[in-house]
Amino acid sequence: MSEDIKQEENNLENVTENEELTSDNIDLNNLSQEEFSKVLELEKELSELTNKYYRANADFENMKKRFEKEKEGIASYANEKFARDLLPVIDAMLMAVNFDASEDEFAKKIKEGVLLTLDEFKKCFEKHGIKEIQTDIDFDPNVHNAVLRVDSENHTSGQIVQVMQVGYTINGRVLRPAMVSIAN
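Counting restarts for each chain: residues are numbered from 1 in the order of the written sequence. Reporting of local features is limited, given that this is a predicted model, to residues whose pLDDT is at least 70; pairs of side-chain atoms are given and counted only at 80 or more, and all residues count toward the totals for whole chains, interfaces and linings. With hydrogens and water excluded, all non-hydrogen atoms of the structure serve as input to the side-chain values.

Section: the environment of H155
Then step 1. Looking at the element boundaries, H155 is found in the loop between β2 (144–150) and β3 (160–165).
Then step 2. To sort residues, take the accessible area from a 1.4 Å probe on protein chains only and compare it with the maximum for the residue type: under 20% means buried, over 50% means exposed, and anything in between is partly exposed. On the accessibility criterion, H155 (26% relative accessible area) is partly exposed.
Then step 3. Sequence separation between H155 and I182 is 27 residues; the distance between their C-alpha atoms is 8.6 Å.
Then step 4. Residues contacting H155, with those up to four places away along its chain left out, are I160, V161 and A183.
Then step 5. Any pair of N or O atoms that falls within 3.5 Å is considered a polar contact. Within protein, one atom must be able to donate a hydrogen and the other to accept it, and sequence-neighbouring residues count only if both atoms are side-chain atoms. Here S152 takes part through its side chain, which lies 2.8 Å from a polar atom of the side chain of H155. Secondary structure counts use DSSP, requiring at least four H or I residues in a row for a helix and at least two E residues in a row for a strand, with both numbered from the N terminus. Here a residue-residue contact requires only that any non-hydrogen atoms of the pair lie within 4.5 Å.

Pasting the structure below:
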């Protein structure tokens, strides 16, 4: 086969610089059977190589898109572990806010500082795609964790009666489900 390639290279060298090999200036009728079969073979090989090129290029583009999508996914959930580690801190602040400080002025000031800090935490969380799970809706097992069933005259069956622990999502993914009690 290498001799055939050398022969084709020699044939191409004989073509002048101004002359192009096109179907217009090649008379296929004047070709010998061997030359004609060689042309057909080369056209088939060209077609196969062109097809392989297009497939490889398409595979490359698809791989590039897949890597870009994975990179975006990794970036959007990179803070998940850190955020999960901060949840107990937020819980402790929420407990401190619920403390009754009506009689002591010093306790009122501390509670006010905790509220301001909690608000800053919530703003920071929202900035990074972390949101509280809504609990003013019907129970949803995808985002709520029912730990108690209680009788309630004010709620219909399946409604959330009380929130025991606030839940959070990060970019739509559940970081921690909300722990709730629901009505029977």
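Concerning the pairing of strand β5 (residues 173–176)
Then step 1. A pair of strands is considered paired only if DSSP assigns at least 2 bridges between the two. With 3 bridges joining them, strand β4 (residues 168–170) and β5 adopt antiparallel strand pairing. Residue pairing across strands places T169 opposite V174, the latter belonging to β5.
Then step 2. Linking two consecutive strands that pair antiparallel, namely β4 and β5, is a turn of 2 residues; a positive phi of about 50° is found at N171 within it.

Description of the pairing of strand β6 (residues 178–183)
Then step 1. Among the 6 residues of β6, 5 are classified as buried, and the element is accordingly described as predominantly covered.
Then step 2. In the sheet, β2 pairs with β6 via 6 bridges, with the strands oriented parallel. By the bridge assignment, H144 is partnered in β6 with A178.
Then step 3. Here β3 pairs with β6 via 4 bridges, running antiparallel. Considered in β6, the bridge of V163 is made with V180.

Brief notes about the packing of helix α3 (residues 80–97) against helix α4 (residues 105–127)
Then step 1. At a minimum axis separation of 9 Å, α3 and α4 run at an interaxial angle of 150°. If you check the angle between α3 and α4, you find them roughly antiparallel. The handedness of the crossing between α3 and α4 is left-handed. In this structure, α3 contributes A83, L86, L87, V89, I90, M93, L94, A96 and V97 to the contact, and α4 contributes K111, V114, L115, T117, L118, F121 and F125. Only C-alpha atoms enter the line fits that serve as axes; for helices the fit covers just the stretch in contact. Angles between N-to-C directions range over 0 to 180 degrees. Just so you know how the angles are binned, under 35 degrees is roughly parallel, over 145 roughly antiparallel, 65 to 115 roughly perpendicular, and the rest oblique. Left-handed describes a crossing whose near helix is turned anticlockwise from the far helix by less than a right angle; the clockwise case is right-handed.

A short note on the nonpolar core
Then step 1. Side-chain atoms within 4.5 Å link the members of a nonpolar core, which is a set of buried Ala, Val, Leu, Ile, Met, Phe, Trp, Tyr and Cys residues. In this structure, L87, I90, L118, F125, I130, Y168 and L175 are the most contacted members of the largest nonpolar core, which totals 14 residues.
Then step 2. Counting residues per element, the ones that place at least two in this core are α3, α4 and β4.
Then step 3. Top contributing element to this core by residue count: α3, with 6 residues.
Then step 4. Residues in contact with Y168, not counting those within four places in the same chain, are L87, I90, F125, I130, K131, E132, I133, R173, V174, L175 and R176.
Then step 5. Counting residues in each nonpolar core, the second largest holds 6 residues, with I133, V143, V180 and I182 among its members.

Here we look at a nonpolar patch on the surface
Then step 1. Two distance rules govern patches: like charges are joined within 9 Å, and nonpolar side chains (Val, Leu, Ile, Met, Phe, Trp, Tyr) within 5 Å, applied only to residues with over 30% relative accessible area and no salt bridge. With residues, only the protein chains shown are counted as cover, and all accessible areas are computed by Shrake-Rupley using a 1.4 Å probe. Should a side-chain nitrogen of Lys or Arg be within 4 Å of a carboxyl oxygen of Asp or Glu, the pair is scored as a salt bridge. On the surface, a cluster of nonpolar side chains totalling about 290 Å² of accessible area is made up of F60, M63 and F67.
Then step 2. Relative to the assigned elements, F67 resides in helix α2 (residues 33–76).

Just geometry here; none of it tells us what the structure is for.
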